[in-house]
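The lines below spell out each chain.
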Amino acid sequence: MQVKIRKAVLWCALAALVTAGPTPSEAAATATGLPACPKAGKSTRPPTERAGRATPGACRAAGHILESGVRLARRGEAGFTPSGYHHLGANTGGEWAGVSGRMSVVDGSIRPRSYDFVAGRFMVKRNMGRGDIRWLEAGWAETGWAGPGRQQIYTFNTNTKTWQFYEQYALKPGDKVWLDLHADAGGYWSAWLWWGNRWNLLTAQQLPLGATATVEQYVEVHVDAGKPGLIDVPPVMVDNVRLRPGGGGDSRFWREDIPTLTGSNPAQRELNGGFCLDWLTRYDTWTAGDCGKG
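A brief look at the structure comes next. (Residues numbered from 1 in each chain as written. Predicted model: local features only at pLDDT ≥ 70, side-chain atom pairs only at ≥ 80, totals over all residues. Heavy atoms only, no water.)

### Some details on the state of the cysteines
Here the structure, examined in full by the defined rule, presents two disulfides. In this model, Cys37 is linked to Cys59 through a disulfide, with the two sulfur atoms separated by 2.1 Å. Taking the sign of the torsion about the S-S bond as the criterion, the disulfide between Cys37 and Cys59, at about 100 degrees, is right-handed. Of this pair, Cys37 sits in the loop between α2 (24–31) and β2 (59–60) while Cys59 sits in strand β2, placing them 22 residues apart in sequence. Its relative accessible area of 0% is what places Cys59 among the buried residues. Across a sulfur-sulfur distance of 1.9 Å, Cys276 and Cys291 are joined as a disulfide pair. The disulfide joining Cys276 to Cys291 has a torsion of about 95 degrees about its S-S bond and is therefore right-handed. Pair noted here: Cys276 is in strand β18 (residues 275–281) and Cys291 is in the segment after β19 (285–290), with a separation of 15 residues, a long-range link. According to the relative accessible area criterion, Cys276 is buried, its value standing at 5%. The exposure class assigned to Cys291 is partly exposed, which follows from its relative accessible area of 27%. (Disulfide = S-S within 2.5 Å. Helix = DSSP H or I, 4+ residues; strand = E, 2+ residues; numbered from the N terminus. Buried < 20%, exposed > 50% of the residue type's maximum accessible area, 1.4 Å probe, protein only.)

### Let's talk about the layout of surface pockets
By volume, the largest pocket amounts to about 290 Å³. In terms of lining, the largest pocket is formed by 18 residues, of which the most central are Pro47, Glu49, Arg50, Ser100 and Arg242. If you list the elements that add at least two residues to the lining of the largest pocket, you get β5 (98–104), β10 (176–183) and β14 (236–244). What lines the second largest pocket is a set of 13 residues, and nearest its centre among them are Ser43, Thr44, Lys176, Val177 and Trp178. The set of elements that each furnish at least two residues to the lining of the second largest pocket consists of β10 and β11 (188–195). Here the lining of the second largest pocket takes three residues from β10, the largest share from any one element. Considering only residue class, the lining of the second largest pocket consists of five nonpolar, three polar and five charged. (1 Å grid on protein atoms, 1.4 Å probe; cavity = no way out; pocket = protein on both sides within 12 Å on 5 of 7 lines; lining within 4 Å. Points joined across faces, edges and corners; volume = space filled by probe spheres on them. Nonpolar A, V, L, I, M, F, W, Y, C, P; charged D, E, K, R; others polar.)

### Looking at the pattern of salt bridges
Scanning the model with the defined rule gives 16 salt bridges in all. Between Arg121 and Glu216 there is a salt bridge, and its shortest N-O distance comes to 2.8 Å. With a gap of 95 residues between them, Arg121 in strand β6 (residues 117–129) and Glu216 in strand β13 (residues 214–223) connect regions that are remote in the sequence. For the pair Arg121 and Glu216, a shared accessibility class is recorded, and that class is buried. A cluster of three or more residues bridged by salt bridges with shared partners is formed by Arg121, Lys125, Glu137, Glu216 and Glu220. (Salt bridge = Lys/Arg side-chain N within 4 Å of Asp/Glu carboxyl O.)

### Some details on the pairing of strand β8 (residues 152–157)
Counting buried residues in β8 gives six out of six residues, a clear majority hidden from the surface. Both faces of β8 are covered, namely the face carrying Gln152, Tyr154 and Phe156 and the face carrying Ile153, Thr155 and Asn157. Strand direction decides the pairing type here: strand β7 (residues 132–143) and β8, joined by six bridges, are antiparallel. Paired with Leu136 across the two strands is Asn157, which belongs to β8. Where β8 meets strand β9 (residues 162–166), five bridges bridge the pair, whose relative direction is antiparallel. Across the sheet, residue Phe156 finds its bridge partner in β9, namely Trp163. Between β8 and β9, which follow one another and run antiparallel, lie four residues, and Lys161 among them has a positive phi close to 55 degrees. (Pairing = 2+ DSSP bridges.)

Structural data, given as structure tokens:
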């Protein structure tokens with residue numbers, strides 16, 4: 001999400017992680033008969049069908065989920081890496097019914113016991129007016145407060161206003177994860193992970209987005225304003241990004257013919273706080289992270 005949007009939202013201030021109780025996602029998944037996802041390793045092949053409750057093998061995340069809400073500091077004095085948020089990616093200029101794609105997992109130099117984080121994620125959102133933004137995001141993240149030194153699958157939504165970390169899925173640097181966010185019936189938006197060669201439902205949230213919403217794809221870095229220092233983020237690779245049109249139909253690669261907002265000239269390398277974004281194929285294949293490092 002863009003800096004002004006993210007900073008406008010107040011996150012719940014919790015000092016510790018707590019085990020998540022029953023959520024709307026669990027209720028919705030149970031109501032539709034999705035089985036619990038069995039213990040499995042990462043996928044060995046890419047998905048051939050898009051995510052959905054009717055997709056063969058679809059299941060729901062049922063492992064240990066931790067929730068954490070933090071009120072992140074506003075932009076402070078610059079250290080070696082400027083504090084605050086650094087966003088590298090793009091927004092759609094119009095609305096879509098969903099987004100899917102693949103992201104690589106890297107090991108960032110996120111400092112333990114800090115509010116540092118790096119995340120690779122997709123988001124669907126709507127501006128409700130008067131500073132009220134509603135959204136659902138999903139991806140992987142490495143944070144300074146939840147399992148420091150580990151990369152974890154996560155979701156965040158504006159119903160609970162908490163990070164949800166899915167310990168069921170063991171990540172390591174070099175992995176690549178497929179994600180899918182899309183609209184369902186009844187005002188629900190769902191987030192899915194391709195794991196164990198099947199689609200795993202992470203969460204389903206009833207949000208006032210309508211049947212379509214603005215889509216974001218970002219690598220996001222936050223540097224704790226209270227701990228100036230150097231944050232390294234090896235380049236994250238994002239590819240195979242597709243958008244679902246409203247009203248049905250096949251997904252489309254996010255290409256130049258789709259109205260897109262990048263905040264800079266997409267024909268040039270984008271520099272943000274010492275991190276670089278390189279568009280390899282606008283806008284479905286790109287890298288973001290440390291400049292000049294492979």
